[in-house]
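Coordinates in review
One letter stands for each residue in the lines below.
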Amino acid sequence: MEEITRTIHIGPSRPGHPCFYHQKDIKLENLVVKQGEQIMLNSVEEINGEILVNCGVVRNHQNHSFTLPLSQKGEFYECDDEHIYTLKEIIEWKIPKNRTRTVKLTDFSNKWDLTNPFPKGFYVRKDTVRILPSLDVEVKDITDSYDANWFLQLLSTQDLFEMTSEEFPIVAEVIEAPQGNQLSRSILQPGKTIMIHKKYQASRILASEIRSNFPKRHFLIPTSYKGKFKRRPREFPTVYDLEIAKSKKEPLHVVATKAFHPPHCELSSVSVGDQFLVHHSQTTEVLCEGIKTVVNVLACEKILRKSYEAAVLPLYMEGGFVEVIHDKKQYQIAELCAQFCLPFNVKVSVRDLSIDEDILVATPGLQLEEVITDSYLLISDFANPKECWEIPVGRMNMTVQLVSNLSRSTGSFLVRTLVEEITEEQYYMMRRYESSFLHPPPRPPKHPSVEETKLMLPTLAEEKTVGQPKSPKVRL
C-alpha cells in the first residue's frame, strides 16, 4: 500500500479515488475483501499515530468502509477504468507520479479535421506529443488494448533508477538534456546515444564555504577527489562544543576570545587570550548558598608561560574559542574523514589536477560538515564506454528513450567524478536528513531555590563526584 500511495494521486474528489483489486482474499476484523473485488482508495490520514488508507468496497449498492495500513503487503493491481475524463482531470488525478499514462481520445470526430487529428496546441517532436493542459478533451484508457512497444518510452533519471539492477547496462538516446550540467556537453546533448552501466549509492562529503559577509556556496565532494587540504582553525561558541570536538589523536589546543567570570569559586575564570589544552569531561561540586551542587565541567590545562595550571570550565559556559593549529600536513579528503570528527575546517592547498576546472580552489575555506549517501547513475558515451561519469539522480533532470538492453557486461571502466555545487534549497533538503546531534545542556540557575536544592541532596550521595584533577604532563 505504501508503494501505491507514493505513485498514485489520492485526492478528496471522485477522480482522485483510484480503484485496485487484490489477488487473494484480505481478512479484516469485521470484513473479508474477496479476491478480485474492487477496492476504492478514498484518502490517506493519520489515526492514533499510524498512517492508514481509508478504503471502501461496494456490495449490493452499499458501501463498506475499512482502513489498510501502509505496511499492507500483497499483489495489488489497478482496475480497468472506463470512465471518460477531461485532460485536466487526467493530469491532476490519473497520471502516476514519475510515470506515464496511456489514454485514448474520444468524441472529437465533429470537432477536428481527421486528416490532421491533433488540434492546435499539440506540440509534436518525433513520436512525442505534448498536450497543453488548457485543452478540454475527453480521453479513454487504452493501455490494455495496444502493444506498449508501439509508444515512445520516455524515461527520466528517476525512472531509470527505479529499474532493477539486472536490467542494466542499457543503451538510450538523450531526448532532453539537463540544464547547466557540468559534464561534457558532447555526452549529454539531445540526440546523443549513451550507455547507462548501472545504478548505485555513492558517498559524498557535504561542505560549505567559510564566509561571514556573503552567501555561502555549498558543495558535494566525492571521496575520490585528488586535491589536497590543509587544516584551518575551528571556532567553538561554547565549552560543550569543545567537549564534542576533542579527539584521541591529539590534544585540542584553543585560545579564548571572550572572557568568563564564574558564579562559583570552584570554577575557573577565563580572560581573552587565555590558552587551554582540552582533556575530558567530568562532574564537580560547587557551593551554592551553602548547599553543594553537582555541575558538569570540562577538565582542561591552562597554558602559562613556563608551566600549566589545572582548569575546570562548566559545559554551559557561553564563551568563544578558536583552535590553534600545529599540524602543517596536507591531507587527502578520505584521510580527513577517517582521522578527524566532522565538522572540520580546511583549505584547498593543491588542486585536483585530474579535472579541468577545480571549483574548490577559489573558496577561502571549507567546512566539511558530514558524509552523506546519494543515488547515482553511471553513464558513458556509447562510442567510448570505458570512460564513465556519475550523474546524481535527484539533481540532474534528463529524459531518455530506451534503445536496447545489453546482455553482456561492459567490462572494466574508468569512473570519473565531479565536485558538484548545489543550491541553497538542495543543501537544506539534505540537512533535513542528518543525524540528530546532542545539543548543549541547559544552563542551570546560578542561585537554585531551596526546593530545588532539597531535591538535589538525595542524589548527590549516590553519585561519585570528581574533584579537580592534578594536571597531567603534556608536551607541546
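Residues numbered from 1 in each chain as written. Predicted model: local features only at pLDDT ≥ 70, side-chain atom pairs only at ≥ 80, totals over all residues. Heavy atoms only, no water.

1. A few points about the overall build of the protein
The number of helices and strands found in the protein is 7 helices and 29 strands. Within the protein, the fraction of its 476 residues that count as buried is 39%. A separation of at least 24 residues holds for 66% of the contacts in the protein among residues at least 6 apart in sequence. For the protein, the accessible area works out to roughly 28,600 Å², and carbon and sulfur atoms hold 50% of it. (Helix = DSSP H or I, 4+ residues; strand = E, 2+ residues; numbered from the N terminus. Buried < 20%, exposed > 50% of the residue type's maximum accessible area, 1.4 Å probe, protein only. Contact = heavy atoms within 4.5 Å. Areas by Shrake-Rupley, 256 points an atom, 1.4 Å probe, with all protein chains shown as cover.)

2. A word on the side chain of S375
Within the secondary structure, S375 is located in strand β25 (residues 366-381). Within the local environment of S375, its side chain forms a polar contact with the side chain of Q201, the two groups lying 2.9 Å apart. (Polar contact = N/O pair within 3.5 Å; in protein donor to acceptor, adjacent residues only side chain to side chain.)

3. Here's the deal with the packing of aromatic side chains
Tallying each qualifying case throughout the model produces 6 aromatic pairs. A ring pair is formed by F276 and F321, whose centres lie 6.5 Å apart and whose planes are at 75°; its orientation type is edge-to-face. Residue F276 is found in strand β20 (residues 275-288), and its partner F321 is found in strand β23 (residues 318-323); the two are separated by 45 residues along the sequence. An identical accessibility class is assigned to F276 and F321; each is buried. Between the aromatic rings of Y331 and F340, the centroid separation amounts to 5.6 Å while the plane-to-plane angle is 85°, which identifies the pairing as edge-to-face. (Phe/Tyr/Trp six-rings, centres within 6.5 Å; stacked < 30°, edge-to-face > 60°.)

4. Regarding the pattern of salt bridges
The full count for this structure, using the stated rule, is 16 salt bridges. Across the pair E243 and K246 runs a salt bridge, and its minimum N-O distance is 3.7 Å. The partner of R395 in a salt bridge is E420, and the shortest N-O contact between them spans 2.6 Å. Of this pair, R395 sits in the loop between β26 (384-392) and β27 (399-405) while E420 sits in strand β29 (residues 420-422), placing them 25 residues apart in sequence. Through salt bridges with shared partners, a single ionic network connects R231, R234, E250, E323 and D327. (Salt bridge = Lys/Arg side-chain N within 4 Å of Asp/Glu carboxyl O.)

5. Observations concerning the nonpolar core
Ranked by size, the top nonpolar core spans 21 residues in total, and within it L160, L188, I194, I196, L377, I379 and V400 carry the most contacts. Contributing elements (two or more residues each) for this core: α3 (157-162), β14 (170-176), β15 (193-209), β25 and β26. At 3 residues, the largest contribution of residues to this core is made by β14. Once residues within four sequence positions are removed from consideration, L160 is found in contact with L155, F168, I170, I196, L377 and V400. In terms of nonpolar packing, the next biggest core, distinct from the first, is built from 19 residues, Y240, L252, V254 and A311 among them. (Core = buried A, V, L, I, M, F, W, Y, C linked by side-chain atoms within 4.5 Å.)

6. Focus: the pairing of strand β21 (residues 291-303)
The pairing of β20 with β21 spans 12 bridges and is antiparallel. Within β21, the residue paired with T283 across the bridge is N296. Between the antiparallel neighbours β20 and β21 lie 2 residues, among them E289 with a positive phi of about 55°. Linking β21 to strand β22 (residues 308-314), which pair antiparallel, is a turn of 4 residues. (Pairing = 2+ DSSP bridges.)

7. With respect to the pairing of β22
When β21 meets β22, the two strands line up antiparallel, connected through 7 bridges. Bridge pairing in β22 links C300 to A311.

8. Looking at the sheet that holds strand β6 (residues 62-69)
Read from one edge of the open sheet, 5 strands run β6-β5-β4-β1-β7, paired in antiparallel fashion. One side of each edge strand has no neighbouring strand; the edge strands of this open sheet are β6 and β7 (76-78). Between one strand axis and the next, the sheet turns by 45° as a mean value, whatever way the strands run. Relative to β6, strand β5 (residues 50-59) runs antiparallel, the two being bridged by 8 bridges. Note on β6: the bridge partner recorded for N54 is T67. (Axes fitted to C-alpha atoms, helices over the stretch in contact; angles between N-to-C directions.)

9. Considering unusual backbone geometry
With an omega of 0°, the peptide bond running from F168 to P169 counts as cis. Tracing the sequence through the fold places P169 in the loop between α3 and β14. Residue P343 is reached from L342 by a cis peptide bond, and omega for that bond is 5°. Mapped onto the secondary structure, P343 falls in the loop between α5 (333-339) and β24 (344-350). For N48, which is not glycine, the phi torsion reads 55° and is therefore positive. Structurally, N48 can be placed in the loop between β4 (39-47) and β5.

10. Some words on the confidence of the model for the protein
In the predicted model, the protein carries a mean pLDDT of 80, and the fraction of residues at 70 or more is 79%. Segment residues 121-127: pLDDT under 50, and 15 contacts once partners within four positions in sequence are set aside and those in other chains are kept. (pLDDT = per-residue confidence, 0-100.)

11. Let's talk about the sheet that holds strand β19 (residues 252-256)
With antiparallel pairing, 6 strands are arranged side by side in an open sheet as β18-β23-β19-β20-β21-β22. Across the chains shown, the open sheet's two edge strands, defined by having one partner strand only, are β18 (235-238) and β22. Here the strands of the sheet are splayed against their neighbours by 40° on average, with no regard to which way each runs.

12. A few points about the environment of T157
By secondary structure assignment, the location of T157 is in helix α3. For the pair T157 and Y376, spaced 219 residues apart in sequence, the C-alpha separation works out to 9.2 Å. With residues near it in sequence (within four places) discarded, T157 still touches L377, I391, V393, M396, N397 and M398. One polar contact links the side chain of T157 to the main-chain carbonyl oxygen of V393, over a distance of 3.3 Å. Separated by 3.2 Å, the side chain of T157 and the backbone oxygen of M396 make a polar contact.

13. Digging into the environment of Y331
Here Y331 shows up in the loop between β23 and α5. The spacing of Y331 and R231 is 100 residues in sequence and 8.3 Å in space, taken between C-alpha atoms. Residue contacts for Y331: discarding those within four places in its chain leaves G227, K228, F229, R231, K249, L336, Q339 and F340. Polar contacts involving the side chain of Y331 include one to the side chain of D327, which spans 2.3 Å.

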